[in-house]
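Each chain, letter by letter, is given below.
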Amino acid sequence: MFRFLLRMFGLLLVSIGIIGVVVDGTKSIAANALVLTPLGEAWYALSPETLNLSQAAVERHVHPFLWDPIIQSVLLLPNWAVIGSLGFLLVLLTTPRRREVKHITV
């Protein structure tokens, strides 16, 4: 059951990543130039309070080094790449393994 829920969440993230590719592609065609929306910009547009709250929580409770070079560089990546990659990773991890077929030689 838990594997099923993680797989569905992964597929949802892959779908959101595909929507992000379509949105950036549409903006690129309209602007006649390559337009990539960073994850941090999309997060700020959806909920600036949670972005500021997560920055404060990471810097205060974990370590300031984690936010500045690491998370900040992830927030500069295109949103569809981060979300789609995370979804693909979840789908890959929840895929059942195939059993090895043993051939009998006569």
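Rules used throughout
Residues numbered from 1 in each chain as written. Predicted model: local features only at pLDDT ≥ 70, side-chain atom pairs only at ≥ 80, totals over all residues. Heavy atoms only, no water. Axes fitted to C-alpha atoms, helices over the stretch in contact; angles between N-to-C directions. Helix = DSSP H or I, 4+ residues; strand = E, 2+ residues; numbered from the N terminus. Parallel < 35°, antiparallel > 145°, perpendicular 65-115°, else oblique. Contact = heavy atoms within 4.5 Å. Nonpolar A, V, L, I, M, F, W, Y, C, P; charged D, E, K, R; others polar. Polar contact = N/O pair within 3.5 Å; in protein donor to acceptor, adjacent residues only side chain to side chain. Patch = residues over 30% accessible without salt bridge, like charges linked within 9 Å, V, L, I, M, F, W, Y side chains within 5 Å. Areas by Shrake-Rupley, 256 points an atom, 1.4 Å probe, with all protein chains shown as cover. Salt bridge = Lys/Arg side-chain N within 4 Å of Asp/Glu carboxyl O. Buried < 20%, exposed > 50% of the residue type's maximum accessible area, 1.4 Å probe, protein only.

### Some points on the packing of helix H2 (residues 39-46) against helix H3 (residues 48-62)
For any two helices packed against each other, one specifies the crossing angle of their axes together with the interaxial distance.
Right, on to step 1. Across the interface, H2 lies against H3 with an axial gap of 5 Å and an inter-helix angle of 120 degrees. Comparing their axes, H3 and H2 come out oblique. Between H2 and H3, the contacting residues are Gly40, Trp43, Tyr44 and Leu46 on the first element and Pro48, Thr50, Leu51 and Ser54 on the second.
Right, on to step 2. When the residues that make up the contact of H2 with H3 are grouped by side-chain class, the tally is five nonpolar, three polar and no charged.

### So, the side chain of threonine 37
Right, on to step 1. Mapped onto the fold, threonine 37 is located in the loop between helix H1 (2-31) and H2.
Right, on to step 2. A distance of 2.8 Å separates the side chain of threonine 37 from the side chain of aspartate 24, its partner in a polar contact.
Right, on to step 3. For threonine 37, the contacting residues outside a window of four places in its chain are Asp24, Lys27, Ala42, Leu77, Pro78 and Asn79.

### Overview of a nonpolar patch on the surface
Right, on to step 1. There is a patch of nonpolar side chains on the surface, built from Met1, Phe4, Leu5, Met8 and Leu11 and spanning about 540 Å² of accessible area.
Right, on to step 2. Considering the arrangement of structural elements, one finds methionine 1 in the segment before H1.
Right, on to step 3. Take methionine 1: its relative accessible area is 76%, and that puts it in the exposed class.

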